[in-house]
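A look at the structure
Residue-level listing of the chains:
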Amino acid sequence: MAMTDLETSMATLIVVFRKYSEKEGDKHKLKKSELKDLLHDELPDLMTHVKDQAELDSLMESLDTDGDSECNFQEFMTFVSLVTVCCHEFFSEHEDE
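Residues numbered from 1 in each chain as written. Predicted model: local features only at pLDDT ≥ 70, side-chain atom pairs only at ≥ 80, totals over all residues. Heavy atoms only, no water.

Once that is clear, we can look at the layout of surface pockets. Counted as a void, the largest pocket has a volume near 400 Å³. Forming the walls of the largest pocket are 18 residues, and the residues nearest its centre are Glu42, Leu43, Val80, Val83 and Thr84. Contributions of two or more residues to the lining of the largest pocket are made by α1 (5-21), α2 (32-42), α3 (44-47) and α5 (73-93). It is α5 that provides the largest number of residues to the lining of the largest pocket, a total of 7 residues. (1 Å grid on protein atoms, 1.4 Å probe; cavity = no way out; pocket = protein on both sides within 12 Å on 5 of 7 lines; lining within 4 Å. Points joined across faces, edges and corners; volume = space filled by probe spheres on them. Helix = DSSP H or I, 4+ residues; strand = E, 2+ residues; numbered from the N terminus.)

Spelled out as structure tokens, the structure:
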């Protein structure tokens, strides 16, 4: 039986997280360099709005709710959810244009 669109999307999020988290160190967490690579490779349009390293560092700190200087899957999903909500709001506001 084929996966639904939502099941496929969920599986893709897990695969993308693992693709970057398994590069070095703890394979269940993203180091700052791994998160940076993920954001640049997987969200290039969003990253055009990040002007400098300080903004990226600030983003990492805001994601790091447990203070371990890494991004676990739950923190990653919180970020993806927030970005998705913002995209939904943007497209909802501009759907008549």
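Take the pattern of salt bridges next. One pass over the full model with this rule turns up 4 salt bridges. When the shortest N-O distance is used, the salt bridge between Lys23 and Asp37 registers 3.9 Å. Placement of Lys23 in the loop between α1 and β1 (29-30) and of Asp37 in helix α2 is noted, with a sequence separation of 14 residues between them. A salt bridge links Asp68 to Lys29; the nearest nitrogen and oxygen atoms lie 2.5 Å apart. Of this pair, Asp68 sits in the loop between α4 (53-63) and β2 (71-72) while Lys29 sits in strand β1, placing them 39 residues apart in sequence. (Salt bridge = Lys/Arg side-chain N within 4 Å of Asp/Glu carboxyl O.)

Three or more residues of α2 are buried, namely Glu34, Leu35, Leu38 and Leu39. One side of α2 carries all its buried residues, which in axial view fall inside an arc of 135 degrees. Buried residues along α2 sit in contact with α1, β1, α3, α4 and α5. (Buried < 20%, exposed > 50% of the residue type's maximum accessible area, 1.4 Å probe, protein only. Arc of directions from axis to C-beta. Contact = heavy atoms within 4.5 Å.)

Here we come to the side chain of Asn72. Tracing the backbone shows Asn72 in strand β2. Residue class for Asn72 comes out buried when judged on its relative accessible area of 19%. Looking at Asn72, its side chain comes within polar contact range of the main-chain nitrogen of Gln74, at 3.1 Å. Those residues in contact with Asn72, other than ones at most four positions away along the chain, are Phe17, His28, Lys29 and Asp66. (Polar contact = N/O pair within 3.5 Å; in protein donor to acceptor, adjacent residues only side chain to side chain.)

Now for the side chain of Asp64. Within the secondary structure, Asp64 sits in the loop between α4 and β2. A polar atom in the side chain of Asp64 sits 3.2 Å from the backbone nitrogen of Asp68. Polar contacts involving the side chain of Asp64 include one to the main-chain amide nitrogen of Ser69, which spans 2.6 Å.

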